[in-house]
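An overview of the molecular structure
Here's the letter readout for the chains.
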Amino acid sequence: MTREEALDSIRANIENKNTIKHMLATEAIMRALARRFGEDEEEWGLTGLIHDIDMELTGGDMKEHSRLGADLAREMGASEAMAHAILCHNETHGIPCETKLDKALFCADPLTGLITAAALVRPDNKLANLEAKSVRKRFKEKAFAAGANREQISKCSEIGLELDEFIELGLEAMKEIADDLGL
Ligand SMILES: [Fe+2]
């Protein structure tokens, strides 16, 4: 699967622009994590990019979400490791994250929402001048971007990253594609 093929499938299956931006942001963080750990950047990036490809096909039914996604990923030529990471990123199935790739996707997914929300409450609505320490402060405010599961983000410890490090890495990764994110 090339990145272009993955993007074509996304465009064919997802209409919501924010969902696409979320997938691009997840890709950016996954690529940064892969570089950090000396893992396969293409494999990790594409896993992040397509991880919610079934969101509209499943109509948000969490019992179906990510099962179909994993099947679609396989059909698109994803490795079994990628399909497994996609499958277990939805906790509803109770399938534990086992590999580093599984765990990376699991914690990267909600971090995008926290960082996006932290940018959007700035006067300029931009990522450029957002600092990691502000995101850290928002992290502690439970009511802020409540959908960004703090416990899930904190699982970065399972891939050997402190929360501060993870937030900084995620923020820098998203800043690199700020234009694509409209932030
Ligand atoms: Fe997601």
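Scroll up to find the structure.
Below or above, wherever it landed, is the structure these notes cover.

Quick notes on the rules
- Residues numbered from 1 in each chain as written.
- Predicted model: local features only at pLDDT ≥ 70, side-chain atom pairs only at ≥ 80, totals over all residues.
- Heavy atoms only, no water.
- Helix = DSSP H or I, 4+ residues; strand = E, 2+ residues; numbered from the N terminus.
- Rg over C-alpha atoms; globule rule 2.2 N^0.38 Å.
- Buried < 20%, exposed > 50% of the residue type's maximum accessible area, 1.4 Å probe, protein only.
- Axes fitted to C-alpha atoms, helices over the stretch in contact; angles between N-to-C directions.
- Parallel < 35°, antiparallel > 145°, perpendicular 65-115°, else oblique.
- Left-handed = near helix turned anticlockwise from the far one by under 90°.
- Contact = heavy atoms within 4.5 Å.
- Nonpolar A, V, L, I, M, F, W, Y, C, P; charged D, E, K, R; others polar.
- Core = buried A, V, L, I, M, F, W, Y, C linked by side-chain atoms within 4.5 Å.
- Phe/Tyr/Trp six-rings, centres within 6.5 Å; stacked < 30°, edge-to-face > 60°.
- Lys NZ or Arg CZ within 6 Å of the ring centre and 35° of its normal.

Scanning the chain from terminus to terminus reveals ten helices and zero strands. Each helix and strand of the chain, ordered N terminal to C terminal, gives the series α-α-α-α-α-α-α-α-α-α. Compactness check: the chain gives a C-alpha radius of gyration of 15 Å against a globular reference of 16 Å for 183 residues, within 12% of the reference. In terms of its C-alpha atoms, the chain occupies a principal-axis envelope of roughly 40 × 30 × 30 Å. Scored against the burial criterion, the 183 residues of the chain give a buried share of 49%.

Contact geometry of helix α1 (residues 3–13) with helix α2 (residues 17–37) gives a least axis separation of 11 Å together with a crossing angle of 155 degrees. It follows from the interaxial angle that α1 and α2 lie roughly antiparallel. In this structure, α1 crosses over α2, and the sense of that crossing is right-handed. Here R3, L7 and I10 of α1 lie close against α2, whose contacting residues are I20, M23, L24, E27 and R31. For the contact of α1 with α2, the residue count by class is five nonpolar, no polar and three charged.

With that settled, consider the nonpolar core. Counting residues in hydrophobic clusters, the biggest one holds 59 residues, and the most contacted among them are I29, L33, L127 and F166. Counting residues per element, this core draws most heavily on helix α6 (residues 100–120), which supplies eleven residues.

Within the structure shown, the criterion is met by one aromatic pair. A centroid spacing of 6.5 Å and a plane angle of 55 degrees characterise the contact between F37 and W44, whose relative ring orientation is tilted. One residue, K100, lies across the ring of F37, its end atom 3.8 Å from the ring centre. The ring of F144 has R138 sitting right over it, with the charged end atom 4.6 Å from the ring centre.

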